[in-house]
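These are the residues of each chain, in order.
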Amino acid sequence: MVLNYIFVAFFVIAFIIGLIKLIFLGDVEVFPQMMNSTFDTSKTAFEISLGLTGVLSLWLGIMKIGEKGGVVNFMARLLSPVFCKLFPDIPKGHPVTGSIFMNIAANMLGLDNAATPLGLKAMEQMQELNKNKDVATNPMIMFLVLNTSGLTLIPVSILVYRAQMGAAQPTDVFIPILLATFFSTLAGITITSLFQRINLINRTMLLFLGGMCLTVAGIIWGFAQLDKELMNTVSTSIANILLMTIIVGFIVAGVRRKVNVYDAFIEGAKEGFTTAVRIIPYLVAILVGIGVFRASGAMDWLIDGIGWCVNLCGGNSDFVGALPTALMKPLSGSGARGMMVDAMTTYGADSFVGRLSCIFQGSTDTTFYILAVYFGSVGIRYTRHAVACGLLADLAGILSAIAICYMFF
C-alpha cells in the first residue's frame, strides 16, 4: 500500500511541477523530457532484469548445491542463537537463516551481483513460512532493512571511481564510509526492533552487537596501517577470494554428500531464470516513477529548497552540493552513482562535496529498488512498516555521513 502511494506521488508531483514550469517559466521541453524518461526507464528496467538473469541463474544454482550439500543448514544452526533473537518468527535452525547470512556477507563485501540472488532466495524461503502471502512478515521486513541500510565493509567500486576521477588518495573515504554504514545498519536494526517489539537488551544480542563493533574497529585499524594502493589491492583480493571460496566450498560439500552437483545446479538455475522474469513489472513501475520525478526537475527544486532553508537558519550549507547523491540513492543505485561522479567532476574528487557524495553512496542502499525486487519476487503487495524503517535507516546513514565528513575533512 505504501509503494502505491509513493508511485502515485511521483507522477502527481512531476505533473504539477511540469505544469508550473511550462506555464510560468515557459519551459516547453519539460513534458517531452518526462515522456522520454518513461520510455528510457522502462527499457532500463527490462535491461536490469535481463542482466540479472545470468547472475540469478548462477547463484541460485550454487545455492541449490549448498542446500543439498548441507552447507546452508550448517550455517543456520551456527547462527541460530543470534537470528532467533533478531528473527523470532523464523523456526530455529530453518535453512533460511543460512541464506540470510550469505546475503548479508555478500553485501558487506560489496558483492552486489552475488547479494541480490542470495537475497531473493532468502525471500522465497521466508514466503514459504508466510501464512498471508500478500502481506510482508516481520522477518521479511527486518531482512530488507538490513539490506537497505547498506552495511559494507569493503566499498571497492567507490574506491575505483575515486581513482578514476583523479583523487590524490582514493581510499581516504574508506573509514568514513565504514562508520556511516555501520551507524545506518545499527539504526535500522533498532528502529525495526521497536516496530516489531523485539527486545535487543539481552546477553546474546549485546554480545553480537558488541562483537560487530569490535570487528568494525579492528577492520578500521587494520586498513589504516596500509597505503592506498595496498588497501585497494587487499580489499579487492579479499572480496574475490572469499567469493570463489564459497563457490568451491559449496561444490565440494555437494560432492562429499554424493549430490549430483550438475543436476542440482541446473535445478537452482531454472529458479533464477523464473525469478528474473517475475520481477520485471515491479522494476518497470518503480523506475518509471523515479524517472518521471527526476525529469520534471522535482529533485533539483528539492535540493535548492534545502539549501535555502539551511542558509536561512544560518547553518553551514557546504553539504548541500552532495545531497543529490543522498536523495537519489534510495531511489536508484545507477542514478546515485551518476550523481556521485557528477559531484566529483563538478567540485573535484578531493573536495568536501566530492568526498561526501562518495560517503553518501556507500552509507545506504537503494531502498525502493530492493523493496520492488525482493517483495515483487514473492508477490508481496502490503509492505507494512518496511518503507518507514528503510527510509529511517537511510536518514540515519545520511546524517551520520554528514557529521563524519565534517569530522574527517
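Residues numbered from 1 in each chain as written. Predicted model: local features only at pLDDT ≥ 70, side-chain atom pairs only at ≥ 80, totals over all residues. Heavy atoms only, no water.

S.K.: Could you give me a rundown of the packing of helix α16 (residues 352-363) against helix α18 (residues 386-408), with the residues and numbers involved?
M.R.: Each pair of packed helices can be summarised by the angle the axes make with each other and by the distance between the axes. Between α16 and α18, whose axes approach to 9 Å, the crossing angle comes to 145°. Along this stretch, α16 crosses α18, giving a crossing that reads as right-handed. Each of Phe352, Leu356, Ile359, Phe360 and Ser363 in α16 lies in contact with α18, whose residues at this interface are Gly397, Ile398, Ala401, Ile402, Cys405 and Tyr406. Tallied by class, the residues present in the contact of α16 with α18 amount to nine nonpolar, two polar and no charged. (Axes fitted to C-alpha atoms, helices over the stretch in contact; angles between N-to-C directions. Helix = DSSP H or I, 4+ residues; strand = E, 2+ residues; numbered from the N terminus. Left-handed = near helix turned anticlockwise from the far one by under 90°. Contact = heavy atoms within 4.5 Å. Nonpolar A, V, L, I, M, F, W, Y, C, P; charged D, E, K, R; others polar.)

S.K.: Any chance you could break down the nonpolar core for me, citing the residues and the numbers?
M.R.: With 98 residues, the main nonpolar core has Phe87, Ile100, Met126, Leu356, Phe360 and Phe375 as its most contacted residues. In terms of residue count, the dominant contributor to this core is α18 (10 residues). Setting aside residues up to four positions removed in sequence, Phe360 forms contacts with Ala322, Leu323, Thr325, Ala326, Ile398, Ala401 and Ile402. Counting 15 residues, the second largest nonpolar core, distinct from the first, contains Val55, Ile62, Met102 and Ala115. (Core = buried A, V, L, I, M, F, W, Y, C linked by side-chain atoms within 4.5 Å. Buried < 20%, exposed > 50% of the residue type's maximum accessible area, 1.4 Å probe, protein only.)

S.K.: An account of helix α17 (residues 367-378) is needed here, citing residue identities and associated values.
M.R.: Within an α-helix, residues lying three or four positions from one another point in the same direction, as the helix has 3.6 residues per turn. Taking 1.5 Å as the rise per residue, α17 with 12 residues should run 16 Å; its terminal C-alpha atoms sit 17 Å apart, in good agreement. Here α17 lies mainly inside the structure; 12 of its 12 residues are buried. Among the residues of α17, Thr367, Phe368, Tyr369, Ile370, Leu371, Ala372, Val373, Tyr374, Phe375, Gly376, Ser377 and Val378 are the ones counted as buried. (Expected span 1.5 Å × (residues − 1).)

S.K.: Tell me about the environment of Lys85, and please be specific about residues and values.
M.R.: Tracing the backbone through its elements, the reader meets Lys85 in helix α3 (residues 71-86). Put simply, Lys85 and Leu159 are 74 residues apart on the chain and 35 Å apart in space, counted from C-alpha to C-alpha.

S.K.: Quick one: what's the story with the pattern of salt bridges, residue by residue and with numbers?
M.R.: One pass over the structure, following the stated rule, counts five salt bridges. In this structure, Arg162 engages Asp350 in a salt bridge whose closest nitrogen and oxygen atoms are separated by 3.2 Å. Of the two residues, Arg162 is situated in helix α7 (residues 156-164) and Asp350 in the loop between α15 (333-347) and α16; the sequence distance between them amounts to 188 residues. Close ionic contact of Asp350 with Arg355 constitutes a salt bridge, the shortest N to O distance being 3.9 Å. For Asp350, a relative accessible area of 31% gives the class partly exposed. Through salt bridges with shared partners, a single ionic network connects Lys64, Lys68 and Glu267. (Salt bridge = Lys/Arg side-chain N within 4 Å of Asp/Glu carboxyl O.)

S.K.: Can you tell me about the packing of aromatic side chains, naming the residues and giving the values?
M.R.: Tallied over the full model, the rule gives six aromatic pairs. Relative to Tyr374, the ring of Phe143 has its centre 6.0 Å away and its plane inclined at 15°; by these criteria the two rings are stacked. Of the two residues, Phe143 is situated in helix α6 (residues 138-148) and Tyr374 in helix α17; the sequence distance between them amounts to 231 residues. A single burial state applies to Phe143 and to Tyr374, both of which are buried. (Phe/Tyr/Trp six-rings, centres within 6.5 Å; stacked < 30°, edge-to-face > 60°.)

S.K.: Give a detailed account of empty space enclosed by the protein, specifying residues and quantitative values.
M.R.: By the definition in use, this model includes one cavity of 30 Å³ or more. Lining of the largest cavity is provided by Ser80, Phe83, Cys84, Phe87, Ile90, Pro91, Lys92, Gly93, His94 and Thr97. Looking at side-chain class alone, the lining of the largest cavity contains five nonpolar, four polar and one charged residues. (1 Å grid on protein atoms, 1.4 Å probe; cavity = no way out; pocket = protein on both sides within 12 Å on 5 of 7 lines; lining within 4 Å. Points joined across faces, edges and corners; volume = space filled by probe spheres on them.)

S.K.: Report on the side chain of Glu124, specifying residues and quantitative values.
M.R.: Inspection of the secondary structure assignment puts Glu124 in helix α5 (residues 112-129). Looking at Glu124, the relative accessible area reads 16%, which means it is buried. Other than its neighbours up to four places away in sequence, Glu124 contacts Glu271, Thr275, Arg278 and Val378.

S.K.: Break down unusual backbone geometry for me, citing the residues and quoting the values.
M.R.: Glycine aside, negative phi is the norm for most residues, and most peptide bonds take the trans geometry. Phi is positive for Lys258, which is not a glycine, with a value near 60°. Structurally, Lys258 is set in the loop between α10 (228-256) and α11 (261-278). Phi is positive for Arg384, which is not a glycine, with a value near 55°. As for its position among the elements, Arg384 is in the loop between α17 and α18. For Arg384, a relative accessible area of 40% gives the class partly exposed.

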